[in-house]
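# Per-entry structural report
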Amino acid sequence: MSTIGYDEGGSEVAERPELASQALEAAVYNDPLNSWCADCSAADPDWASISLGTVLCIQCAGVHRSLPPEISKIKSLKLDKWTNAEIEVLRVVGNTLAKSIYDSRLSYTHKRVSFRTPMGLRQFILQEKYGGGPAVEDVAHPAAHNAAVQIAKMSTSLLADSPRRREGWLMKKGKDTDKWAPRWFELDFPTLTYWACDKKGDGKPEILGVPKETMRLTDTMVTLRSDRTFATKFGLQITYRKGDQDGDSNEFRNFFVSVESGEALTAWLNDIRTNKGLLLGLDKSMIGTPRGTAILAELSREVVREGWLQKTGPKGTGWKKRWVTLHDNRLLYYSSEFAAIAKGNIVINRECRVEPVPERVPHNHCFIVCTSQVGVGRSYLFQAETEATAASWVETIRSVCSNADLIVSPDATVPPEDSAAAVGVPSP
């Protein structure tokens, strides 16, 4: 069996590999998600965990080999011999069902690994993800399996009855430079605050002075971030929507910080999200309810998609390269990948219309985001490098539009502010 497909970034991928046997091939390709790595979504994986029932790329398979064999045992889909029992595990489980269980273990702590995640951070995240061992017994009969119950059961252990408090030195990237400097951070309830005071020793400074920023946790999203420009391999991105207590602001500010160890990374990320959950009213009695499910999704929300796109300027004149991120119900765009301030943002909700632009427009691979299904609305024109990438962005934004009601947002009705006027693109 062979086919041409696209990876999650919209790039064309190679044909599916020839597997060791027809029975193995039938079991693997019975699940559409088995065409991508269960951990990082790399295309055309050719390894598998026979104990977890997942299909993996060579990089993630290497991490799995470092796990105890009772947790994950790796085989090649092309080179190794497979028993009927091992093939049956892949047929019964597969990436779709396994991800609904194992990814939920990272709800409060980590976003999933991507194919760009450095190996050191990838190993740390996957050890956290699979540290509880295999759960094949939970999915031995898929027809009777309820993924929602599994997620609720695993999320319950992450709830807290009282606020978490944490303080310490974190390395922070400068707002307008690539330089990193130590800053004193304190997590309280309901805020996260930092000071730009001199570091003298590892303890708390005697004089803190005036805080540089105090962030309301209800207006923050914190996610894992790792890049070679970071001070350490354990990084966090804190996106904060600035404004008064009524949320009257559309300015978004990114803070990039690094910590010294995986343990510290987990502690800061988990405690920030835990306090936010308490502020949103989450408690154990809400697990399994629609409101509780929505809050858990809000706490574990990650950047849905990000990447470089071209965007028209004011009044549709000229094009500028922008780093675009989609998370929560916001499409934010920046001058660079690690810019501190968003150049603008678009509220994504059920009223939005997202369409590919007809080829009669002078530029190829374009799509339009309009803030209204009918009428004039505000229109934003973007251009991708390839047709596949543009189509993938359209599909992703449409998905967020259709699920907008599930997003716990304090300002869902606040209209976007942007320097660009309607671009005057004809409706597709």
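Residues numbered from 1 in each chain as written. Predicted model: local features only at pLDDT ≥ 70, side-chain atom pairs only at ≥ 80, totals over all residues. Heavy atoms only, no water.

### Overview of the nonpolar core
Counted only if it meets this: Residues belong to one nonpolar core when they are buried, are Ala, Val, Leu, Ile, Met, Phe, Trp, Tyr or Cys, and are joined through side-chain atoms within 4.5 Å. Partly exposed residues are those whose accessible area sits between 20% and 50% of the maximum for their type, while under 20% is buried and over 50% is exposed, using a 1.4 Å probe and protein chains only.
With 44 residues, the main nonpolar core has Leu192, Leu236, Leu265 and Trp268 as its most contacted residues. Ranked by size, the runner-up nonpolar core spans 20 residues in total, among them Tyr333, Cys352, Ala384 and Ile397.

### A closer look at the packing of aromatic side chains
Stated precisely, the cut-off is as follows: Aromatic pairs are defined between Phe, Tyr and Trp rings, using the six-membered ring for Trp, whenever the two ring centres lie within 6.5 Å; interplanar angles under 30 degrees are classed as stacked, those over 60 as edge-to-face, and all others as tilted. For a Lys NZ or an Arg CZ to count as sitting over a ring, it must be within 6 Å of the ring centre and within 35 degrees of the ring normal.
Inspection of the entire model under this criterion finds 8 aromatic pairs. Ring geometry for phenylalanine 185 versus tyrosine 194: centroids 5.1 Å apart, planes at 15°, classification stacked. Comparing phenylalanine 185 with tyrosine 194, the two get one shared label, buried. The lysine or arginine in question, arginine 253, covers the ring of phenylalanine 255, its NZ or CZ lying 4.2 Å from the ring centre. Above the plane of the ring of tryptophan 308 lies lysine 321, whose end atom (NZ or CZ) is 4.8 Å from the centre.

### Some remarks on the confidence of the model for the protein chain
Here is the rule: The predictor reports its confidence for every residue as pLDDT, a score running from 0 up to 100. Think of it this way: any DSSP run of H or I at least four residues long counts as a helix, any run of E at least two long counts as a strand, and we number them from the N terminus. Should any heavy atoms of two residues lie within 4.5 Å, those residues are counted as being in contact.
Taken as a whole, the protein chain shows an average pLDDT of 76; of its residues, 73% reach a score of 70 or greater. Per-element mean pLDDT across the protein chain ranges from 35 in strand S1 (residues 5-6) up to 96 in strand S8 (residues 191-195). Note on residues 1-16: pLDDT is under 50 here. Beyond four places in sequence and across chains, it has 42 contacts.

### A few points about the pairing of strand S13 (residues 305-312)
Condition: Strand pairing is defined by DSSP finding a minimum of two bridges between the two strands.
Here S13 runs beside strand S14 (residues 319-327); their pairing, made up of 8 bridges, is antiparallel. Note that in S14 the partner of tryptophan 308 across the bridge is tryptophan 323. Bridge count for S13 against strand S19 (residues 379-383) is 2 bridges, and the pairing is antiparallel. Each residue of the ladder has a partner; that of glutamine 310, found in S19, is glutamine 383.

### Observations concerning the sheet that holds S13
For clarity, the threshold we go by: The angle between two axes is taken between their N-to-C directions and runs from 0 to 180 degrees, where each axis is a line fitted to C-alpha atoms and a helix contributes only its stretch in contact.
Pairing within the open sheet is antiparallel, and its 7 strands lie in the order S16-S15-S14-S13-S19-S18-S17. One side of each edge strand has no neighbouring strand; the edge strands of this open sheet are strand S16 (344-347) and strand S17 (353-356). Strand-to-strand, the axes of this sheet are offset by a mean angle of 30°, without reference to chain direction. Across 4 bridges, the pairing between strand S15 (residues 330-334) and S16 is antiparallel. From the neighbouring strand, tyrosine 333 faces S16, where its bridge partner is glycine 344. Contacts from helix H9 (residues 387-402) reach S13, S14, S15, S17 and strand S18 (366-370), with the element oriented near 165° to S17.

### Here we look at the state of the cysteines
To keep it simple, the criterion reads: In this description, a disulfide is simply a cysteine sulfur pair whose atoms lie within 2.5 Å.
Scanning the entire structure with this criterion turns up 0 disulfides. Cysteine 352 takes part in no disulfide bond, and the closest cysteine sulfur to it belongs to cysteine 401, at a distance of 4.8 Å.

### Brief notes about the environment of cysteine 366
With respect to the helices and strands, the residue cysteine 366 is situated in strand S18. By relative accessible area, which is 4% here, cysteine 366 ends up buried. Along the sequence, cysteine 366 and alanine 390 sit 24 residues apart, while their C-alpha atoms lie 6.4 Å from each other. Setting aside its immediate chain neighbours within four residues, cysteine 366 contacts Trp319, Pro356, Val357, Leu381, Phe382 and Gln383.

### Digging into the pattern of salt bridges
Applicable threshold: We define a salt bridge as a contact between a side-chain nitrogen of Lys or Arg and a carboxyl oxygen of Asp or Glu at a distance within 4 Å.
Evaluated as defined, the whole model comprises 14 salt bridges. A salt bridge links aspartate 271 to arginine 166; its shortest N-O distance comes to 2.8 Å. Taken as a pair, aspartate 271 in helix H7 (residues 262-279) and arginine 166 in strand S6 (residues 166-173) lie far apart in primary sequence, 105 residues in all. By relative accessible area, aspartate 271 is classed as buried at 5%. Among the salt bridges present, the one from lysine 242 reaches glutamate 213, with a minimum N-O distance of 3.4 Å. Note that lysine 242 is positioned in the loop between strand S11 (234-241) and strand S12 (252-259) and glutamate 213 in strand S9 (residues 213-216), a separation of 29 residues in sequence. With a relative accessible area of 24%, lysine 242 lands in the partly exposed category. Judged by its relative accessible area of 14%, glutamate 213 is buried.

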